[in-house]
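Reading the structure
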Amino acid sequence: MQITDAIHALKVPFELPLPDGGKLKRFVYAYLIYGETITLIDCAVRGYYQALFDYVRKTGRDPEEIALGVLTHAHPDHIGGALYVRDEVGCEFAAHGYDAPWIEDVDRQFRERPVPGFQDIVEGWVPVDKLLLGGEIIDLGGDELQVIHTPGHSRGHIALFHPRTGALFSGDAVPVPGGLPIYTDAAEALASLRRLQLIEDVQVLLSSWDRPRRGEEIAATLQAGVEYMQRMHRLVREQQAAHRRERARGITTRVVAALGLPPAMVNPLLMASVQAHIDADDGAME
Ligand SMILES: [Zn+2]
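First, a word on what this report is: a plain description of the structure on this page. (Residues numbered from 1 in each chain as written. Predicted model: local features only at pLDDT ≥ 70, side-chain atom pairs only at ≥ 80, totals over all residues. Heavy atoms only, no water.)

As for the pattern of salt bridges
Once their charged atoms are close, side chains differing in charge can pair, the charge on each being opposite to the other. Counted according to the given criterion, the structure contains 12 salt bridges. With a closest N to O distance of 3.9 Å, K130 and E92 form a salt bridge. In this pair, K130 sits in strand β6 (residues 130–132) while E92 sits in strand β5 (residues 92–96), placing the two residues 38 residues apart along the sequence. Taking the relative accessible area as the measure of exposure, K130 reaches 36% and is therefore partly exposed. A salt bridge links R237 to D282; the nearest nitrogen and oxygen atoms lie 2.7 Å apart. Residue R237 is found in helix α8 (residues 216–242), and its partner D282 is found in the segment after α10 (268–279); the two are separated by 45 residues along the sequence. D282 sits in the partly exposed class, given a relative accessible area of 39%. Via salt bridges that share partners, D210, R211, R213 and E217 belong to a single interconnected network. (Salt bridge = Lys/Arg side-chain N within 4 Å of Asp/Glu carboxyl O. Helix = DSSP H or I, 4+ residues; strand = E, 2+ residues; numbered from the N terminus. Buried < 20%, exposed > 50% of the residue type's maximum accessible area, 1.4 Å probe, protein only.)

Observations regarding α10
Under the 1.5 Å per step criterion, the end-to-end length of α10 is 16 Å for 12 residues, consistent within 8% with the ideal 16 Å. By the burial criterion, the buried members of α10 are L270, M271, S273, V274, A276 and H277. Elements in contact with the buried residues of α10: α7 (186–197), α8 and α9 (248–258). Near the N-terminus of α10, the side chain that reaches the backbone nitrogen of L269, with its oxygen 3.0 Å away, is that of N267. (Expected span 1.5 Å × (residues − 1). Contact = heavy atoms within 4.5 Å. Polar contact = N/O pair within 3.5 Å; in protein donor to acceptor, adjacent residues only side chain to side chain.)

Here's the deal with the environment of L193
Within the secondary structure, L193 sits in helix α7. Here L193 falls in the buried class, since its relative accessible area comes to 0%. Residues L193 and I278, 85 residues apart in the sequence, show an inter-C-alpha distance of 19 Å. Residue contacts for L193: discarding those within four places in its chain leaves A173, V174, P175, L222, G225, V226 and M229.

Re the packing of α8 against α9
One can describe the packing of α8 onto α9 by two numbers: an axis separation of 9 Å at closest approach and a directional angle of 125 degrees. One finds that α8 runs oblique with respect to α9. The handedness of the crossing between α8 and α9 is right-handed. Contact residues: R231, M232, L235, V236, Q239 and Q240 in α8; I251, R254, V255 and A258 in α9. Each residue belonging to the contact of α8 with α9 can be placed in one class, and the counts come to 6 nonpolar, 2 polar and 2 charged. (Axes fitted to C-alpha atoms, helices over the stretch in contact; angles between N-to-C directions. Parallel < 35°, antiparallel > 145°, perpendicular 65-115°, else oblique. Left-handed = near helix turned anticlockwise from the far one by under 90°. Nonpolar A, V, L, I, M, F, W, Y, C, P; charged D, E, K, R; others polar.)

Remarks on the sheet that holds strand β1 (residues 7–17)
The 6 strands are arranged β1-β2-β3-β4-β5-β6 in an open sheet whose pairing can be described as mixed. Only two strands of the sheet have a single neighbouring strand rather than two, namely β1 and β6. Strand-to-strand twist in this sheet, taken as the mean axis angle between neighbours without regard to direction, amounts to 20 degrees. Pairing analysis gives 4 bridges linking strand β2 (residues 23–34) to strand β3 (residues 38–41), with the strands arranged antiparallel. Looking at the pairing, Y31 lines up with I41 of β3. Along the sheet face, helix α1 (residues 48–58) touches β1, β2, β3 and β4 (66–70) and points at about 160 degrees away from the line of β1. (Pairing = 2+ DSSP bridges.)

A look at the side chain of Q109
Relative to the helices and strands, Q109 is located in helix α5 (residues 106–112). For Q109, a relative accessible area of 0% puts it in the buried group. Contacts of Q109, omitting those with residues within four sequence positions, involve A74, H75, P76, I79, W102 and F118.

Let's talk about the coordination of the zinc ion
Binding of the zinc ion to the protein goes through H73 (NE2), H75 (ND1), H153 (NE2) and D172 (OD), at separations of 2.1 to 2.2 Å. One can describe the donor arrangement at the zinc ion as irregular, given that its 4 donor atoms subtend angles of 88 to 174 degrees at the metal. One chain supplies every donor for the zinc ion, spaced along it as H-x1-H-x77-H-x18-D. Assessed through its relative accessible area of 0%, H73 is described here as buried. (Donors = N, O, S within 2.8 Å, 3.2 Å for Na, K, Ca; no water. Tetrahedral: all angles 85-135°; square planar, octahedral: opposite > 155°, others 65-115°.)

Thoughts on the sheet that holds strand β7 (residues 137–139)
Across the sheet, 6 strands lie side by side as β7-β8-β9-β10-β11-β12; this open sheet has mixed pairing. The open sheet terminates on both sides in strands that have one partner only, identified here as β7 and β12 (213–214). Pairing geometry for β7 and strand β8 (residues 144–149), over 3 bridges, is antiparallel. Bridge pairing in β8 links I137 to Q146.

Re the environment of E88
Note on placement: E88 falls in helix α3 (residues 82–89). E88 sits in the partly exposed class, given a relative accessible area of 40%. For the pair E88 and Y49, spaced 39 residues apart in sequence, the C-alpha separation works out to 9.2 Å. If sequence neighbours within four positions are ignored, E88 has contacts with F53 and E64.

So, in structure tokens, the structure goes:
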């Protein structure tokens, strides 16, 4: 799907196993920036190269032109397809230094964050050739990409702004109301959202798990993310006050019910988000 003259999106479906033996259908967006070379933003899941290479050829370019992949963070649905792309076209990868250890050692990532189905969607590890801190401007050859450190969802999560087209790639930094809000540091995640709200001249907001947002929808989507986090925080505090002996699992079950979400959403990732709210300073969540 073409987003602007230079930006293209691939919506990549995948499945994760559920404890009851069923499958959870999910998708993730990965993006391409066409310039003198081709830059990838994230690498979706294992097998994604087929859709990627087909798409690149269909649009009159050659996969060999892919020179760089920038990974917004280390989670499996963003790095899963990186290895094959690297093997085929020899591109370099860039990511934040805090997330690089999980990209370069996926077994360690799985030990420390055991997402069910991890091995099914991650092809293997890739070296991170360019370590980022945030604040850099990546030279794309006559074009540039600004790196914004947006921790919270993961410590090394980055967003990327492409000034020429006004595209803001937000990765997983913007929680979608009604969706699974995932972060390990709630105050940092909220501060990161506020950082994204300050970027001027955004023409299109490109999240990994939401359709492209343009015009007035951009500010509304970012603000909805802020308010969703603040609502979560209030609910966590209310449930903590009402059920003083309960810990993250019990509080998560009650918060999911209060939000009107399906009970199946109570899982270790959401429990980590609730724990992040339990640990957060109230002043930082206002
Ligand atoms: Zn993620």
